[in-house]
Amino acid sequence: MKQEKKITSEMQKCIDMCMEAHSCCEQTMTHCLQQGGKHADMAMMGALMDCSDMTRMCGDMMMRQSPMAMDMAGMCARAADRCAEMAMPMSSGDPMMQKCVDACRACAQAARAVAPARA
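I will try to describe carefully the structure that is included in this document. Everything numeric here is computed off the predicted structure, so don't read it as measured data.

### Section: the environment of P95
Right, on to step 1. Along the polypeptide, P95 turns up in helix 4 (residues 95-114).
Right, on to step 2. The exposed category is assigned to P95, whose relative accessible area is 65%.
Right, on to step 3. Distance in space between the C-alpha atoms of P95 and D16 is 21 Å, their sequence separation being 79 residues.

### Things to note about helix 1 (residues 9-35)
Right, on to step 1. For helix 1, spanning 27 residues, the distance from its first C-alpha to its last is 38 Å, which sits close to the expected 39 Å at 1.5 Å a residue.
Right, on to step 2. Buried positions along helix 1 lie against helix 2 (42-63), helix 3 (69-87) and helix 4.
Right, on to step 3. Where helix 1 ends, the next residue or the one after it, G36, has phi of about 70 degrees, a positive value.

### Some words on the packing of helix 1 against helix 4
Right, on to step 1. As a packed pair, helix 1 and helix 4 sit with axes 8 Å apart at the nearest point and diverge in direction by 150 degrees. Put simply, helix 1 runs roughly antiparallel to helix 4. For helix 1 against helix 4, the interelement crossing comes out left-handed.
Right, on to step 2. Among the residues making up the contact of helix 1 with helix 4, the classes are represented as 19 nonpolar, three polar and four charged.

### Digging into the environment of M97
Right, on to step 1. Checked against the element boundaries, M97 lands in helix 4.
Right, on to step 2. With relative accessibility at 0%, the residue M97 sits in the buried group.
Right, on to step 3. In this structure the C-alpha to C-alpha distance between M97 and Q27, which are 70 residues apart in sequence, comes to 9.9 Å.
Right, on to step 4. With sequence-adjacent residues up to four places away left out, M97 is seen in contact with T28, H31, C32, H39, M44, A87, M90 and S91.

How each quantity is defined
Residues numbered from 1 in each chain as written. Predicted model: local features only at pLDDT ≥ 70, side-chain atom pairs only at ≥ 80, totals over all residues. Heavy atoms only, no water. Helix = DSSP H or I, 4+ residues; strand = E, 2+ residues; numbered from the N terminus. Buried < 20%, exposed > 50% of the residue type's maximum accessible area, 1.4 Å probe, protein only. Expected span 1.5 Å × (residues − 1). Contact = heavy atoms within 4.5 Å. Axes fitted to C-alpha atoms, helices over the stretch in contact; angles between N-to-C directions. Parallel < 35°, antiparallel > 145°, perpendicular 65-115°, else oblique. Left-handed = near helix turned anticlockwise from the far one by under 90°. Nonpolar A, V, L, I, M, F, W, Y, C, P; charged D, E, K, R; others polar.

Below you can see the structure in the form of structure tokens.
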């Protein structure tokens, strides 16, 4: 009988931060579309969509303890870093964009903590 692995506290933090970033990116997409202009340009929207998808997938894979979850964490960290970098110039005076920057940075840090060294 195969012994079940346990979700570590680092993995749980990654799951939590991934789900927070996923939710925040989804909300920020709506915000950006409502704001228009630079907020809604293809690069910003693409970064938000990539981050939203990657964080959800990473969290899901961690929860089900996929053998590929740690590799996904590295990709997730890169997507979250990119999203935070794209949102940063628009965060001054815009609480939603600042929330997105903060959530993505926290997610990237948590994902890097569980990712293989090459991430």
